[in-house]
Amino acid sequence: MGELLDDVLGGGSGGLTLVKMATAMRVCRAVYPCWALQTRGLSAAATPPGASGVSTPLKRLPARVKIVEVGPRDGLQNEKTLVPAEVKIQLIDMLSEAGLPVIEATSFVSPKWVPQMADQVEVMRGIRRRPDASYPVLTPNLQGFQAAVRAGAREVAIFGAVSELFSKKNINCSVEESLQRFEEVTRAAKEQSVPVRGYVSCVLGCPYEGKVSPEKVAQVAKRLYSMGCYEISLGDTIGVGTPRGMQEMLTAVSREVPISAIAVHCHDTYGQALANILVALQMGVSVVDSSVAGLGGCPYAQGASGNVATEDVVYMLHGLGIHTGVDLQKLMDAGVFICRALNRKTSSKVAQASCKL
Amino acid sequence: MGNIPTAVKHCLSYKDYPWLAGLLQEEQGAGKTGLPEYVKIVEVGPRDGLQNEKEIIPTRTKIHLIDLLSESGLTVIEATSFVSSKWVPQMADHTEVLLGIKRHPHIQYPVLTPNMQGFQAAVAAGATEVAVFGTASESFSRKNINCSIEESLQRFEEVIKSAKAVNIPVRGYVSCVLGCPYEKNIEPAKVAEVAKRLYSMGCYEISLGDTIGVGTPGTMATMLECVLKEVPREALAVHCHDTYGQALANILTALQMGISVVDSSVAGLGGCPYAEGASGNVATEDVVYMLTGLGINTGVDLCKVMEAGNFICEALKRKTNSKVAQACYKP
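Residues numbered from 1 in each chain as written. Chains lettered and ligands numbered in written order. Predicted model: local features only at pLDDT ≥ 70, side-chain atom pairs only at ≥ 80, totals over all residues. Heavy atoms only, no water.

**So, the overall build of chain A**
- Within chain A, the regular secondary structure consists of 14 helices and nine strands.
- Residues classed as buried in chain A amount to 61% of the 357 residues present.
- Across chain A, every contact between residues at least 6 apart in sequence was considered, and the portion connecting residues at least 24 apart equals 75%.
- Carbon and sulfur atoms form 51% of the exposed surface of chain A, whose accessible area is close to 13,500 Å². (Helix = DSSP H or I, 4+ residues; strand = E, 2+ residues; numbered from the N terminus. Buried < 20%, exposed > 50% of the residue type's maximum accessible area, 1.4 Å probe, protein only. Contact = heavy atoms within 4.5 Å. Areas by Shrake-Rupley, 256 points an atom, 1.4 Å probe, with all protein chains shown as cover.)

**What about the packing of aromatic side chains?**
- Per the counting criterion, the structure on display carries six aromatic pairs over all chains.
- Consider the rings of Phe 166 of chain A and Tyr 208 of chain A, whose centres lie 6.2 Å apart with planes at 40 degrees: the pair is tilted. One end of the pair, Phe 166 of chain A, is in helix H7 (residues 164-171); the other, Tyr 208 of chain A, is in the loop between strand S6 (196-201) and helix H9 (214-227), with 42 residues separating them in the sequence.
- By relative accessible area, which is 4% here, Phe 166 of chain A ends up buried.
- A centroid spacing of 5.1 Å and a plane angle of 20 degrees characterise the contact between Tyr 270 of chain A and Tyr 289 of chain B, whose relative ring orientation is stacked. (Phe/Tyr/Trp six-rings, centres within 6.5 Å; stacked < 30°, edge-to-face > 60°.)

**Section: the side chain of Ser 72 of chain B**
Residue and element names in this part refer to chain B.
- You can see Ser 72 is positioned in the loop between helix H4 (59-70) and strand S2 (76-77).
- Judged by relative accessible area, Ser 72 falls into the buried class, the value being 1%.
- Apart from the residues lying within four places of it in its own chain, the contact partners of Ser 72 are Gly 299, Val 300, Asp 301, Lys 304 and Val 305.

**Side note on the interface of chain B and chain A**
- Each partner contributes to the interface: chain B provides 50 residues, whereas chain A provides 47 residues.
- Across the interface of chain B and chain A, roughly 3,900 Å² is buried in total on both sides, 58% from carbon and sulfur atoms.
- Run the count over chain B and chain A and you get two salt bridges.
- Residue Asp 268 of chain A is joined to Lys 323 of chain B by a salt bridge in which the shortest nitrogen-to-oxygen separation is 2.8 Å.
- On inspection of chain B and its partner chain A, the count reaches eight residue pairs in polar contact (both at pLDDT 80 or more).
- Those elements that provide at least two residues to the side of chain B that touches chain A are helix H2 (18-24), helix H10 (217-227), helix H11 (247-256), helix H12 (284-293) and helix H14 (323-328) of chain B.
- Element by element, the count of residues in the side of chain B that touches chain A is highest for H10 of chain B, at six residues. (Buried area = accessible area lost by both parts, 1.4 Å probe. Salt bridge = Lys/Arg side-chain N within 4 Å of Asp/Glu carboxyl O. Polar contact = N/O pair within 3.5 Å; in protein donor to acceptor, adjacent residues only side chain to side chain.)

**Examining unusual backbone geometry**
- With a phi angle near 60 degrees, Ala 293 of chain A is a residue other than glycine that sits in the positive phi range.
- With respect to the helices and strands, the residue Ala 293 of chain A is situated in the loop between strand S9 (287-290) and helix H12 (310-319).
- Judged by relative accessible area, Ala 293 of chain A falls into the buried class, the value being 0%.
- One non-glycine residue, Asn 146 of chain B, lies in positive phi territory at about 60 degrees.
- Here Asn 146 of chain B lies in the loop between helix H7 (138-145) and helix H8 (149-165).
- For Asn 146 of chain B, a relative accessible area of 69% gives the class exposed.

**Side note on the pairing of strand S5 (residues 156-161) of chain A**
Residues and elements named next belong to chain A.
- Most of S5 sits inside the fold, with five of its six residues counted as buried.
- Pairing analysis gives two bridges linking strand S4 (residues 137-138) to S5, with the strands arranged parallel. When the sheet's bridge partners are listed, Leu 138 is paired in S5 with Ala 157.
- Each parallel crossover has a hand, and for S4 linked through helix H6 (residues 142-150) to S5 it is right-handed.
- When S5 meets S6, the two strands line up parallel, connected through six bridges. When the bridges of S6 are listed, Val 156 appears paired with Val 196. (Pairing = 2+ DSSP bridges. Right-handed = clockwise from strand over helix to strand, strands pointing away.)

What follows is the structure in structure tokens.
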């Protein structure tokens, strides 16, 4: 099988074309029919949560979960290999085909700081937008916001931190200063009817400060929500959180921000992501961020993984009978595609188990 | 055992990982969350883990691995398997391993005994606890041990009777509880039936194995609900494979339903024979990390387990499957 694929792919990412990658995926699917995806409980029509016979811990799960796909931005931003705009566009288009309702497309930061996102305008203009999907872009400041709107962005995102040290090291200002910058963005966005998503990072631990107080997370989340962010994504940036920490943090935040406006953004650096997501679902959270193929390593733990893989999240949600609108097979195709382009193995266990690539 | 490697000192000093100190000193308080206060970890790396490794590992390496694990606070370490070496060459040195390990008085070292012949050899080699391996899938039974579920249970009945006569506790395993590579879906009622049979025969504990790792929290909960009608909670364990990344979520679900025994494998040893290149057993380090964060007592020293994991991975010349070890162990 390896030789057949090498033949098709021209032996190495240097000789790859998009056509060859698509062929590779068809070959993969034919040989590895992924029977596990067809078993009971893996379609949206499976036993709905709360139905009779489903156990107490899982009785109050949401019937639907919105997946926010961050692979093209958060994922690729943390990959060392620079990926050409056409590959990013193809990836986003494939993710759109897979039914993802929200796909974070790119980031309007200075290319000096984040060279991977230098082709932000080209990507925004090149993608084929599904009318019922949204393609938010990161805008760290007013300048980025204005550039994003000019390039056709219809939703933006801002990134706050709970930890002072992390804020200083990452964006060279205090948490308060960053929130003031974001206020400018949210004001301008309101005027132009552009929805804003707020992110809070380091919610379960900071690489510099260690433990983070749930109350502090709640305060920053509340500020972003009051400024006008329609949704607050709470990020376990270094993946150190465990279900109890997640529970305590969400309890504190949900006193200030309605559960329906909360999302979780779990990193799988310590393998805890799915357990943390499960607990969040049990508390009523119904928006989950994830990254196709688990793209994006951890800059704080060399060689370790970062974002949780969308394939693994969708597998779990579908197994729970939760509707996501995502076609897992097409999602895996997108994962195979981008891994070949990056010349790396997938970080998704579902993909590893289902397909050799 | 010589000097502590620098990497482990890093863990112990927590200097580079300020959050780790907090995590490892987490308050005991799991009872408030409805979770068990104590979870017993059954370490299956030396048997279930190594059995699935392609390369034959030298006996002295197996012995050293078990000795390192014995130092980490684990109270149950599955040491080896008394099966025919024709079928499982990796376990051909079972007697040597059992005689070679340093046995701590408060640690159990169960060994697999598929039949009377294996049981007798195990006792002759000094085994003081044995395990029998049933399945909920007829096809899996026929393909794996060349007989029906009923025939296998009759064989185990002989073993358990003999074990009882010499006061040797027997642990029962049921495989394919959430899915089978041949039959796909497995009825929870079938799992409950096999678990009940093993328990009534005299197994003190039944370990329910998601052999191909396809289960998700919903199917885990449904299966456990069914089994709990037939076997008491305290006598149940879960043996989750991480082939589809679902193990920790499934284990969490089991804990929420009151299960307090979890099987795992150091460094996530043992791939999946049904999905080439995929992972198998859940990594002990990752389980201990989660349990510690939940405030659940395990008695296990995470750093020492990582040290054992590092040892065996170097011996096997492969990377660990433990995410915790990947993230924070620096040899």
